[in-house]
Amino acid sequence: MIRFLKALVLLPIAVVVVLLAVANREPVTLSFDPFSPEPVFSLVLPLYAVLFGAVALGVLVGGIGSWLGQSGTRQRARHHRREAERFAKEAAELKTFGAPGVEPSYGRAGTHTALPAPAAAR
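Residues numbered from 1 in each chain as written. Predicted model: local features only at pLDDT ≥ 70, side-chain atom pairs only at ≥ 80, totals over all residues. Heavy atoms only, no water.

Under an unreviewed UniProt entry, the protein has the name LapA family protein and belongs to Methylorubrum podarium.

Asks: Help me understand the side chain of Asn24 in this model?
Replies: Tracing the backbone shows Asn24 in the loop between helix H1 (2-23) and strand S1 (27-31). Excluding residues within four positions of it along the chain, Asn24 makes contact with Pro46, Leu47 and Tyr48. (Helix = DSSP H or I, 4+ residues; strand = E, 2+ residues; numbered from the N terminus. Contact = heavy atoms within 4.5 Å.)

Asks: What exactly am I supposed to notice about the UniProt feature "transmembrane region" (unreviewed entry) in the protein here?
Replies: The feature "transmembrane region" (unreviewed entry), as annotated in UniProt, sits at residues 41-68 in this numbering. Taken end to end, residues 41-68 comprises 79% helix and 18% strand; its first and last C-alpha atoms sit 32 Å apart. (UniProt positions renumbered as here; feature names shortened; annotations may be inferred.)

Asks: Hey, could you run me through a nonpolar patch on the surface in this one?
Replies: On the surface, Met1, Phe4, Leu5, Leu8, Val9, Leu10, Ile13, Val17, Leu20, Leu51 and Phe52 cluster together into a nonpolar patch covering about 1000 Å² of accessible area. Elements that contribute at least two residues to the nonpolar patch include exactly H1 and helix H2 (47-69). If one sorts the elements of the nonpolar patch by residue count, H1 sits on top with eight residues. Here Leu10 is to be found in helix H1. (Patch = residues over 30% accessible without salt bridge, like charges linked within 9 Å, V, L, I, M, F, W, Y side chains within 5 Å. Areas by Shrake-Rupley, 256 points an atom, 1.4 Å probe, with all protein chains shown as cover. Salt bridge = Lys/Arg side-chain N within 4 Å of Asp/Glu carboxyl O.)

Asks: How do you make sense of the packing of aromatic side chains when you look at a structure like this?
Replies: The way to describe two aromatic rings as a pair is by their centre distance and the angle between their planes. This model, assessed by the stated rule, comprises two aromatic pairs. A centroid spacing of 6.0 Å and a plane angle of 15° characterise the contact between Phe32 and Phe41, whose relative ring orientation is stacked. Look at Tyr48 and Phe52: their rings are 5.9 Å apart centre to centre, the planes differ by 65°, and that puts the pair in the edge-to-face class. Of the two residues, Tyr48 and Phe52 are both situated in helix H2; the distance of four residues between them amounts to about one turn of the helix. What makes Phe52 partly exposed here is its relative accessible area of 30%. (Phe/Tyr/Trp six-rings, centres within 6.5 Å; stacked < 30°, edge-to-face > 60°. Buried < 20%, exposed > 50% of the residue type's maximum accessible area, 1.4 Å probe, protein only.)

Set out below in structure tokens:
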């Protein structure tokens, strides 16, 4: 079912991308020097390559920004995971050896509740 939904979403996107690439094959000059009429460094690329490169750069920069923005969440998750592991280890030790100097109490403090004696066989 997920494969079908993925194909249902990605197939139209792929068709649009191919149509965009076919319709925008004309070469354009990409320059990184806005002040010079004759740029020292420039590239002649098809328009679709410039568009795809800009989208890829945007995805990369957005992913890095998102990853950096979530650093506090990841740090808190690591802290809580370490704390949970420490508590689990401590609980396992207490189950194995029991707490030193602590006697189990049954019922009210200092009293023990006994189970009723079995009924005599008739």
